[in-house]
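Structure assessment
Listed below are the residues making up each chain.
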Amino acid sequence: MPPLELKFLTEDARLIELARLYWELDQEGKRFPHQLKNLAPDFSVPANKILDTVLETCEAFSPEIACETCGRSRSYRSRSDYSEAQRHYRRYGSWQCWDCYMEEERRRREEERRRRELAEQQALALRRHHKELIRKAYAREEGRDYLLPTELSLTSAVYLLSGIKAGGPVRDHRPRSFWEPPAESIEEPEVFSPRIIKGISPTKAFDEEILDRLKARGLAAVSPESEPEAFEFYDDSIVGYDTEKVLWQLLPDVPADERPSFVRQVKERLGRREYKNWHDEWPRLWKQIAVAECLQFLVCTLNDCGYSYTPDAEASDLFGNLIDNYSLAQVFRQIDKATRDFADFARQQRWPMRAGRAVGQLRGNVEYYRSQGWEIFAFCYRPMSPARSAISKVFFNTTLGIGEEYFFKAPQDAGLPEIHTEEEA
Ligand SMILES: [Zn+2]
């Protein structure tokens, strides 16, 4: 079989001869013996025009190489095209024409698009199904009883106000002039819209405890409008949710127009310190908040030194002890010192050291200062970070009417309600 077949589109003998010579191959069918520069003078065609002239007057195609899809013979646009086609065919043993290749690509893309569309539709359907499950699971029947402001314990009241304050003031979307201070009123209706609530307290564990308690008391509820991404599903049931991702509805059972006045009454009662459980609950809550602040500050200072640390029981116990006797300003200063001592020591060691050892360093430092009868020094300013949490602002502002000052005062000097032990009570 000849490697090339020619089909002439002209009757002009000279042009047919030119095309024949152009496409003529040597014995092995690999090389073209007639060079363009030699053909040019014989046919009075410039060398750079020969190819165009040949293509206009003659089609060259292969009797052997045909498209595997449509069976059309491989045609050639130039000698190098021919050589390239031969190499490709020897290597792969098949060839596909451009049109068939494009058609196949188009079909592949179409198939891909349809698969993606189907997957999207399925995901959408699943999401709708999940939304429906959430809507059913968290639907709240009308007219449920709710605790009155006078029935809330101190802890529940503080948790509720902190939940309302958490996440910063809810801003409206009206553009406001820059000298106008942002509204921070709890009476804005948006605080009672279903919303994400996080950063109530200094630690995530404490936040979860707060939301759990509010939920148990009917003071907060997971909103049926929450996004499915906030939940964990198993088959057709909801098996869990992320407290920081679901939308929370505060005071779900209180009629919407009565919520602001409900909150106002709670605040007023806290301000008047008329809680029946005041003396039992106040010290416990103060301590819980203060310990959480210490844990947060420890995590923060260790982070600054390049250590990641998850607070454990050892740290909570230690801070619980220190907070009974020292102000936050003192404990923070000791945390800062112990963390830096630990980081200096750790840098000199060959092996990486556990960040939790900073807690041991802190205990050791304080015990030593005590045994020497030394003063436990305090920060004379509150560090900028971490910022005070919503619960600490609410608790100290509403129950004592003091803001920052509590930071610098040990419990016994702060004019705080007295801490009664079991025996004294
Ligand atoms: Zn084809």
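The following refers to the structure shown. (Residues numbered from 1 in each chain as written. Predicted model: local features only at pLDDT ≥ 70, side-chain atom pairs only at ≥ 80, totals over all residues.)

1. Focus on the overall build of the protein chain
- The number of helices and strands found in the protein chain is 13 helices and 7 strands.
- The 425 residues of the protein chain split such that 25% are buried.
- A sequence separation of at least 24 residues applies to 71% of the contacts in the protein chain between residues at least 6 apart. (Helix = DSSP H or I, 4+ residues; strand = E, 2+ residues; numbered from the N terminus. Buried ≥ 20, exposed ≤ 12 C-beta atoms within 10 Å, placed from the backbone. Contact = placed C-beta atoms within 7 Å.)

2. Description of helix 11 (residues 328-347)
- For helix 11, which comprises 20 residues, the first-to-last C-alpha distance of 28 Å matches the rise-based estimate of 28 Å (1.5 Å per residue) to within 8%.
- By the burial criterion, the buried members of helix 11 are Leu328, Ala329, Gln330, Val331, Phe332, Gln334, Ile335, Ala338, Thr339 and Phe342. (Expected span 1.5 Å × (residues − 1).)

3. Re the sheet that holds strand 1 (residues 5-8)
- Across the sheet, 3 strands lie side by side as 1-2-3; this open sheet has antiparallel pairing. Looking at strand neighbours, the two that pair on one side only are strand 1 and strand 3 (73-76), the edges of this open sheet. Between one strand and the next, the sheet's axes are offset by a mean angle of 35 degrees, whatever the strand orientation.
- In the sheet, strand 2 (residues 58-66) pairs with strand 3 via 3 bridges, with the strands oriented antiparallel. Residue pairing across strands places alanine 60 opposite tyrosine 76, the latter belonging to strand 3.
- Against the sheet, helix 1 (residues 13-23) engages strand 1 and strand 2, with an angle of about 160 degrees to strand 1. (Pairing = 2+ DSSP bridges. Axes fitted to C-alpha atoms, helices over the stretch in contact; angles between N-to-C directions.)

4. Observations regarding the environment of arginine 388
- For arginine 388, the position within the fold is in the loop between helix 12 (357-371) and helix 13 (390-399).
- Residues arginine 388 and serine 201, spaced 187 residues apart in sequence, show a C-alpha to C-alpha distance of 8.6 Å.

5. Section: helix 5 (residues 98-138)
- In a regular helix each residue adds 1.5 Å, so 41 residues correspond to 60 Å; helix 5 covers 59 Å between its end C-alpha atoms and thus fits that length.
- Of all the 41 residues making up helix 5, 2 are buried; the element is thus mostly uncovered.

6. Re unusual backbone geometry
- With an omega of -5 degrees, the peptide bond between serine 385 and proline 386 qualifies as cis.
- The backbone of serine 44 shows a phi angle near 55 degrees, a positive value even though the residue is not glycine.
- Position of serine 44 relative to the elements: it lies in the loop between helix 2 (36-43) and helix 3 (50-57).
- Notably, leucine 251 is not glycine yet its phi reads approximately 45 degrees, a positive angle.
- By the secondary structure assignment, leucine 251 is in the loop between strand 7 (248-250) and helix 8 (259-272).

7. Brief notes about the nonpolar core
- By size, the foremost hydrophobic cluster in this structure holds 71 residues, and its most contacted members are Cys294, Leu298 and Val331.
- Ranked by residues supplied to this core, first place goes to helix 9 (residues 278-304) with 12 residues.
- Counting only domains with at least three residues in this core, you end up with domain 2 (126-170 + 187-272) and domain 3 (275-425).
- When sequence neighbours within four positions are dropped, the list of residues in contact with cysteine 294 reads Phe319, Ile323, Val331 and Ile335.
- In this structure, Ala19, Tyr22, Ile50 and Val54 belong to the second largest nonpolar core, which totals 5 residues. (Core = buried A, V, L, I, M, F, W, Y, C linked by C-beta atoms within 7 Å. Domains from an automatic or database assignment.)

8. Notes on the pairing of strand 5 (residues 231-234)
- Pairing of strand 5 with strand 6 (residues 237-241), which is carried by 4 bridges, proceeds in the antiparallel orientation. The residue bridging tyrosine 234 from the neighbouring strand is serine 237, located in strand 6.
- Once strand 5 ends, the chain turns through 2 residues before running back antiparallel as strand 6, passing aspartate 235 with a positive phi of about 50 degrees.

9. Considerations on the packing of helix 1 against helix 3
- Between helix 1 and helix 3, the shortest axis-to-axis distance is 9 Å and the interhelical angle comes to 110 degrees. Here helix 3 runs roughly perpendicular to helix 1, going by the angle between their axes. Seen from above, helix 1 lies across helix 3 with left-handed handedness. Residues Leu15, Leu18, Ala19 and Tyr22 of helix 1 lie in contact with helix 3, whose contacting residues are Ile50, Thr53, Val54 and Thr57.
- In terms of residue class, the contact of helix 1 with helix 3 is made up of 6 nonpolar, 2 polar and no charged. (Parallel < 35°, antiparallel > 145°, perpendicular 65-115°, else oblique. Left-handed = near helix turned anticlockwise from the far one by under 90°. Nonpolar A, V, L, I, M, F, W, Y, C, P; charged D, E, K, R; others polar.)

10. A word on the pairing of strand 3
- Only one face of strand 3 is covered, namely the face carrying Arg74 and Tyr76; the face carrying Ser73 and Ser75 is uncovered.
- Remark: 6 residues form the turn of the hairpin made by strand 2 and strand 3, two consecutive strands paired antiparallel; glycine 71 in that turn has positive phi of roughly 80 degrees.

11. Observations regarding the packing of helix 6 (residues 154-165) against helix 8
- Packing of helix 6 against helix 8 brings their axes to within 10 Å, and their N-to-C directions diverge by 125 degrees. When the axes of helix 6 and helix 8 are compared, the pair comes out oblique. Handedness of the crossing formed by helix 6 with helix 8: left-handed. Counted together, Ala157, Leu160, Leu161 and Ile164 of helix 6 and Val263, Val266, Lys267, Arg269 and Leu270 of helix 8 form the full contact between these two elements.
- Along the lines of polarity and charge, the residues of the contact of helix 6 with helix 8 split into 7 nonpolar, no polar and 2 charged.

Interpretation note: all reported values are geometric properties and have no functional meaning in isolation.
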